[in-house]
Each structure stands twice: as structure tokens, then as C-alpha cells.
Amino acid sequence: KDGDPISQSTSILIEDPRYRIRPMQQVISALIGGLITTFVVTPLEVVKTRVQTQQQQSKRKPLVVSKLCYVFHNGLMTHVCKPHTGECAPKLATEAATLRPIRGAMDAFVKIICSDGVSGLWSGLSPTLVSALPSTIIYFLTYEYLKQSFTNLYKLWHPPLNIDVSPTLSRTSQPPLPTPSIVPMASGICARTVVVTAITPLEMVRIKMQSGYITYTELWIVIRSLIKSHGILGLWRGWPPTVMRDAPFSGTYWAAYESMKRVCNVTEPSLLFSFVTGAASGALATLVTMPFDLVTTHTQIELGQDVLYSDAAGHAKGSGGAAASTTTASKQSVISRISLIYRKHGLKGLYIGVLPRMLRVVPACAIMISAFEYSKSFFFHHNLDLHDAGKYCID
């Protein structure tokens, strides 16, 4: 019969509200994807950070490292950290001081284990578990909700041409209308904008807490200090360049991913399909947004130096000038910074460091989407089995 789930295709069943995964199931799916991504990518970022922080005194200035702070990314979120604080990257143990300089990624991997133990490879987990995982859950929930809402609006404006209005035909047996790429693109852009707006104050507070190693019980003092120094909008300093990088990346990523699913006629992607298409979508989004990422990284470093050291008495002499200069530099707009880089270095200058970012972002995108899609598939079939069991019990 028409209402029997067995007689209908997966593409129709997924659109059926009776079997669609619940919000809590989406939360669990995003949580699983975030945890797996963090545990896999964090060691790679710790190794990269150790190599870069060692090079900060060399003649060739590293791309994302300054003498005062650096940017740490563990696959889910960007953190601005002080060097050698143990907040994001492990501190050198005393017995490791006599070790030879790091000569590459594998050498750094071995030295981290020797000096800090295996746990040193996961030194960025604390800030991630506190801030990045909740933001990841909000992001995926928002994206799924917006995609469903925008899809429904699109169906209202573009109804199917050939609709069988027979009363004996179930509505759920209608083949789903193909959704254009603009729907996932708009959903991704809006979802990422919402998340960046929500987490920017939290990241500002976290950076400020680092400046004096303030405990969580003194959180209100930190917030009041930020508002007093920069006003209520000071909690959203760094929002423009971040959203200009993350929103286009999210829109490009989801548009590419959903387009690949549509072209390959895949409704319920396998683990391998999600991994490959997620990696390809991440690579494309990285290429599209690399100029914005370059500017955002330097802006975050400057902002981090300003916030980390603006009130630190111990650094008043040594970094006061740096803080002042970074405050002035941070007033430049994203577009003006991109124009300046282009005039000085051409198109090649806008893609400096694209390969390291690819090596960081592509695996994170592939792992995250494949784990998320696999969890969604599991819950979809779980809901389907529960419905069938309940129906047969009633029969």
C-alpha cells in the first residue's frame, strides 16, 4: 500500500515528517562529528603550532605567528593563544630544553610525546569542549532548520508541474522536488553568521581571561572590564573579518556538497561518499575564501595582542607599543587589507599559506560531514524501525 515505508524510496521517506530525525538526534549527530573531528585534527594542529612557534625568531617570519600570540585551529574553531602557556599547545618540559631544534612535523611529533607525553598531542581540547562543541551543535541545528524552511518556501514558489491529485495516492509518495544550490548556500551563510555572532563575545572573554589567567568565577569582572574599555560593541570586535571569511566558506561548502549529492543522485550518502565529497567541498571553499582567511588570521593576531596585553602590567613596557600599533592596524577594513596585499604581492600574495590551510581544513571537513551524515542515517533508520514496529504491533 502507498503508506507502507517499504514500498517507497529513501528520497521520499527522508522528506516524511514521521521519519525525519528529531532535534535531539541532530544534536547527538553534531556532537559525535565534532568530537571525532577534534580528536583527529587537534594533534595535527599541535604539531604545526610547535613548529611555527619555534620559527618565530628566525629571519623568515611565519605566516600566522607573532611574538605575542598565535592562532590555533583544531578543526572546529579558531583560538588566539599566548605562546608557551599550555592553553592550546603544550609547554616545553625542562628535560626537553636540551633537545635539538625541531626539524619537521615528524620530529615535532616525537619531541612532543617525549617532553609532554601522548596527552600533549591533545593540548587544545579544553577551550574546544567549552566553546567549539556547543557552537558546532548550534551551527548544524540552525543549518538543518534553515535548509528545511528554505526548501519549503522554494516548493511553495515552484510547485511540481505534474501532480497526481488522486485521493488514493499518498502525499509522501510524490517524488521530492530538486532543490537548487541557492538553498543550501543561503542556509550555510545564515547559519554561520548566527554562530559567529553568538560566539564572538565568548571568544573575546576567553582571550581576556588568558591575559591574567582569570578563573571562571571572575567572569563578570572580565566582561565588565571589556565593556568599560571598548563599550558593549567591544564584545563583538573581530566580528566583521570573521563573518566575511566563515559565512562565504559555509555557503560555498554546503552548495558544493549538496550539488554533488544531487548530481550523483545520492539521497542517503555512504560514509565513503560523504568523506570524499566533504573533502572536495572543503577544498573548493578554501580556495574561494583564502584571501579573507589570510586577512582574518592577521586581524585575529592583532586583536589578540591588543586584548591579551592591553591591561597586563608586566607587559606595559615591552608590548605597549605593539598593542597601540595593532589597535590602529585593526581599524583597517577587510577590503582595504585585501587591496593592499594585492597591490604589493599580486594574486599570489592572497593565496600565501593555502596549502597548510588545505591540509588543516580538508580533513576536518571530510571527517565532520561523514560522521554527521552517518549519525543522521543511523537515526533515520532507527525512526523508521520504530514506526514499523509500532504499526505492526497495532495491526
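Everything numeric here is computed off the predicted structure, so don't read it as measured data. (Residues numbered from 1 in each chain as written. Predicted model: local features only at pLDDT ≥ 70, side-chain atom pairs only at ≥ 80, totals over all residues. Heavy atoms only, no water.)

(A) Inspection of the packing of aromatic side chains at higher detail. Within this structure, the stated rule accounts for 9 aromatic pairs. Ring geometry for tryptophan 254 against tyrosine 257: centres 6.1 Å apart, planes inclined by 80°, an arrangement best described as edge-to-face. Taken together, the residues span about one helical turn, with tryptophan 254 and tyrosine 257 both in helix H7 (residues 239-263) at a distance of 3 residues. Here tryptophan 254 matches tyrosine 257 in class, with each residue buried. Ring pairing ties together the aromatic residues Tyr139, Phe140, Tyr143, Phe249, Tyr253, Trp254, Tyr257 and Phe372, which thus form one cluster. (Phe/Tyr/Trp six-rings, centres within 6.5 Å; stacked < 30°, edge-to-face > 60°. Helix = DSSP H or I, 4+ residues; strand = E, 2+ residues; numbered from the N terminus. Buried < 20%, exposed > 50% of the residue type's maximum accessible area, 1.4 Å probe, protein only.)

(B) Up close: the confidence of the model for the protein. Of all residues in the protein, 63% have pLDDT values of 70 or greater, and the mean over the chain is 74. The least confident element of the protein, judged by mean pLDDT, is helix H9 (residues 316-329) at 44; the most confident is H7 at 92. (pLDDT = per-residue confidence, 0-100.)

(C) Highlighting the pattern of salt bridges. This structure, assessed with the given rule, holds 8 salt bridges. For glutamate 258, the salt bridge is made with lysine 147, and the minimal N-O distance between the two is 3.4 Å. With a gap of 111 residues between them, glutamate 258 in helix H7 and lysine 147 in helix H4 (residues 125-157) connect regions that are remote in the sequence. The pair formed by glutamate 258 and lysine 147 is uniform in burial state, with each residue classed as buried. A salt bridge links aspartate 293 to arginine 245; the shortest N-O distance between them is 3.2 Å. With aspartate 293 in helix H8 (residues 271-309) and arginine 245 in helix H7, this residue pair connects regions lying 48 residues apart in the sequence. Pair check on accessibility: aspartate 293 and arginine 245 agree, each one buried. Taken together, the shared-partner salt bridges connect Glu144, Lys147, Glu258, Lys261, Glu373 and Lys376 into one network. (Salt bridge = Lys/Arg side-chain N within 4 Å of Asp/Glu carboxyl O.)

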